[in-house]
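Letter by letter, the chains look like this.
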Amino acid sequence: MTRYRFAVVALGAVLCAGPRAAAQEPPSVRLALERCEAQALINSPEVAASVARYAAAVSAASATFAGRLPLVALEGGGYYQGTVIGINAGNRTVEMGDNWNLALGPALYVPLYDCGARRFASRAADAAATARRFELEAARRSALFAVRAAYFNVMLAAEQNYLAGQYLGLAADQYSDTAKRAAAGDKTRIDVLQFKQEVYARRKRFLVTGRELSGALTGLFSLTGSIAADTGNPADARLARMRPDGVDAPTAFVAADDFEQLNARLSEAENKKITPGNPTLLSVAYLIRSARLQADQLRAQREPDVQFFARAQAVYPKGPVLDMFNQNVAGLNVSMPLWEAGKKQSLADQQEAFARMYEQQYAAAGRDLDRDWKTAVDGLAYLRRQLQTDDDARREAVELAELVYKSYNAGAAKYLEVQSANVRALNAAGEAAMTRAQILLQLALLDSLGD
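From a predicted model like this one, the values you see are computed outputs, not experimental measurements. (Residues numbered from 1 in each chain as written. Predicted model: local features only at pLDDT ≥ 70, side-chain atom pairs only at ≥ 80, totals over all residues. Heavy atoms only, no water.)

Draft legend 1. Expanded view of the overall build of the protein. A count of helices and strands for the protein gives 9 helices and 9 strands. A compact globule built from 451 residues should have a C-alpha radius of gyration of about 22 Å, whereas the protein, at 38 Å, is more than 25% larger. For the C-alpha atoms alone, the extent of the protein along its principal axes is close to 150 × 50 × 35 Å. Scored against the burial criterion, the 451 residues of the protein give a buried share of 39%. Once local pairs closer than 6 in sequence are excluded, the contacts in the protein between residues at least 24 apart make up 80%. Only carbon and sulfur atoms are counted for the fraction: they give 55% of the accessible area of the protein, which is about 24500 Å². Considering the protein, the positive charge centre built from 52 side chains and the negative charge centre built from 49 side chains are found 1 Å apart. (Helix = DSSP H or I, 4+ residues; strand = E, 2+ residues; numbered from the N terminus. Rg over C-alpha atoms; globule rule 2.2 N^0.38 Å. Buried < 20%, exposed > 50% of the residue type's maximum accessible area, 1.4 Å probe, protein only. Contact = heavy atoms within 4.5 Å. Areas by Shrake-Rupley, 256 points an atom, 1.4 Å probe, with all protein chains shown as cover. Lys, Arg positive; Asp, Glu negative; His and termini not counted. Charge placed at Lys NZ, Arg CZ, Asp CG, Glu CD.)

Draft legend 2. Structural context of the sheet that holds strand β7 (residues 252–255). The strand order across the open sheet formed by 3 strands is β1-β7-β6, and the pairing between neighbours is parallel. The open sheet has two free edges, formed respectively by β1 (28–30) and β6 (234–236), since each of these has just one partner strand. Across the sheet, the mean angle from the axis of one strand to that of its neighbour is 30°, orientation sign disregarded. The sheet contact formed by β6 and β7 spans 3 bridges and is parallel. The residue bridging D236 from the neighbouring strand is V254, located in β7. Against the sheet, helix α4 (residues 117–183) engages β6 and β7, with an angle of about 80° to β6. Lying on the sheet, helix α5 (residues 189–224) is in contact with β1, β6 and β7; it crosses β6 at an angle near 100°. (Pairing = 2+ DSSP bridges. Axes fitted to C-alpha atoms, helices over the stretch in contact; angles between N-to-C directions.)

Draft legend 3. Seen up close, the environment of Q419. As for its position among the elements, Q419 is in helix α9 (residues 415–449). A C-alpha to C-alpha distance of 11 Å links Q419 and Q174, two positions 245 residues apart in sequence.

Draft legend 4. Inspection of a positive patch on the surface at higher detail. Residues R68, R119, R123 and R289 make up a contiguous surface patch of positive charge. Mapped onto the elements of the fold, R119 is located in helix α4. What makes R119 partly exposed here is its relative accessible area of 31%. (Patch = residues over 30% accessible without salt bridge, like charges linked within 9 Å, V, L, I, M, F, W, Y side chains within 5 Å. Salt bridge = Lys/Arg side-chain N within 4 Å of Asp/Glu carboxyl O.)

Draft legend 5. Main features of a nonpolar patch on the surface. Together, L112, Y113, L332 and V334 give the surface a local cluster of nonpolar side chains, amounting to about 430 Å² of exposed area. Position of L112 relative to the elements: it lies in strand β5 (residues 100–113). We classify L112 as exposed; its relative accessible area is 51%.

Draft legend 6. Geometry of the pairing of β5. Note: strand β2 (residues 71–80) against β5, 10 bridges, orientation antiparallel. Directly across from L74, in β5, lies its bridge partner P106. Pairing between β5 and strand β8 (residues 305–316): 9 bridges, direction antiparallel. For P111, the partnering residue across the bridge sits in β8 and is Q307.

Draft legend 7. Representation of empty space enclosed by the protein within the structure. Within this structure, the stated rule accounts for 1 cavity of 30 Å³ or more. Approximately 30 Å³ is the volume found for the largest cavity. If you trace the largest cavity, you find it lined by Y167, L170, A171, Q174, E198, R202, N422 and V423. Those elements that place two or more of their residues in the lining of the largest cavity are α4, α5 and α9. At 4 residues, α4 tops the list of elements feeding residues into the lining of the largest cavity. Among the residues forming the lining of the largest cavity, the class breakdown is 4 nonpolar, 2 polar and 2 charged. (1 Å grid on protein atoms, 1.4 Å probe; cavity = no way out; pocket = protein on both sides within 12 Å on 5 of 7 lines; lining within 4 Å. Points joined across faces, edges and corners; volume = space filled by probe spheres on them. Nonpolar A, V, L, I, M, F, W, Y, C, P; charged D, E, K, R; others polar.)

Draft legend 8. Structural detail: the packing of aromatic side chains. Taken as a whole, this structure holds 6 aromatic pairs when the rule is applied. Aromatic side chains F134 and Y286 sit 5.9 Å apart centroid to centroid with 20° between the ring planes, which places their arrangement in the stacked category. With F134 in helix α4 and Y286 in helix α7 (residues 279–300), this residue pair connects regions lying 152 residues apart in the sequence. Judged by centre distance (6.2 Å) and plane angle (80°), the ring pair of F195 and Y405 falls under edge-to-face. With F195 in helix α5 and Y405 in helix α8 (residues 343–409), this residue pair connects regions lying 210 residues apart in the sequence. The class of Y405 is buried, set by a relative accessible area of 13%. What links up through ring pairs into an aromatic cluster is the set F195, Y405 and Y408. A cation sits over an aromatic face here: R119 above F120, 5.0 Å from the ring centre. (Phe/Tyr/Trp six-rings, centres within 6.5 Å; stacked < 30°, edge-to-face > 60°. Lys NZ or Arg CZ within 6 Å of the ring centre and 35° of its normal.)

Draft legend 9. A look at the nonpolar core. If you look at the biggest cluster of nonpolar residues, it comprises 40 residues, and the most contacted ones within it are L31, Y151, F152, V154 and L220. Counting residues per element, the ones that place at least two in this core are α2 (33–43), α4, α5, β7, α6 (259–266), α8 and α9. The element that contributes the greatest number of residues to this core is α4, accounting for 9 residues. Residue contacts for L220: discarding those within four places in its chain leaves L31, C36, V147, A150, Y151 and V154. Of all hydrophobic cores here, the second largest spans 25 residues; its members include L168, V418, A421 and A425. (Core = buried A, V, L, I, M, F, W, Y, C linked by side-chain atoms within 4.5 Å.)

Below you can see the structure in the form of structure tokens.
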């Protein structure tokens, strides 16, 4: 099967032959890992939250940079004074204004010197935005790993369901054959009942795997945000032609990518390495930079701040003349804190403490990445060796089960030997499926960690 053979029905449509076929056959839920990955990234609340945090940080950085540029504003003001000063001029008093005083016009402010406070603030905001960008990448990697793990869980559950169905069918065939032989006098009632008990045991195992497959699908669809067909009683798609007695008809047949296909796709992760470019490390590194720059900004705010200003305003009144006139003003504003009880220094010390905290987080993140990477690499090498043993054991267990049953029919083996051989074959196949799923999981982990 190819990678593009399966598409998530839950993400788009339930693929059926038509209305008549849909009424007769359960729908097919066709899963493709690539589609599940894309949908999980779209549906992830964690990724969406990181996108919003990054957008907020970018806006904050843009606003902070604007503080370094000239500001043009429309300024106005007015006030009412109850007493207007007057000057005696001969026989009359000349009032030097009016009760109402108004001014309106554009103003320009240009930062000239602030010991780098605005520059440090802008760089700190840029560093914080960059940290959020790498946090977003880390969130995407985390969401991707989560959906892959859920998908591999579905693959394993489907494989276990298929194996249980196969062995249920085998148990039913052996029971039917034994019943016929008992009717012909070759076997006893005890033999018939023993094989019937085996059918019950295999049926129970099949039902359990169906429940596990349903739970695995629920976990996957919760990440992809899909609305799937009824998967309350699913079965592996390879069992579509199987209709065992005593088992309800499946509500959906599940088909997924096979192991070899995904193993080939993800095996490139083995060539990756842990580098300083890991988004988890970079996000913390930029938080360190941002904290240090904020500390520099706060220390610089203790120095003089010089601004050029210019205003062109319409002013009323013009002294004793109650008319409006244009007034142009230019000059410098200089401010410098003289005493503030150590406020700026305390805030700078706080940012330095944050920087030291982030440095420890960086060291811890690097330690954890190295540990997880080595564990995954060593585990993958072990699992590949184990898979070879599992495949050999599964192949020989199946052959042994067939030989023991033939020997039983010939009267040279006992029922318990047949049952033991069948259980051994089923367990060997299940262990091989488990190992394959664990290999894919380790590859997905390496892909998430490495660069």
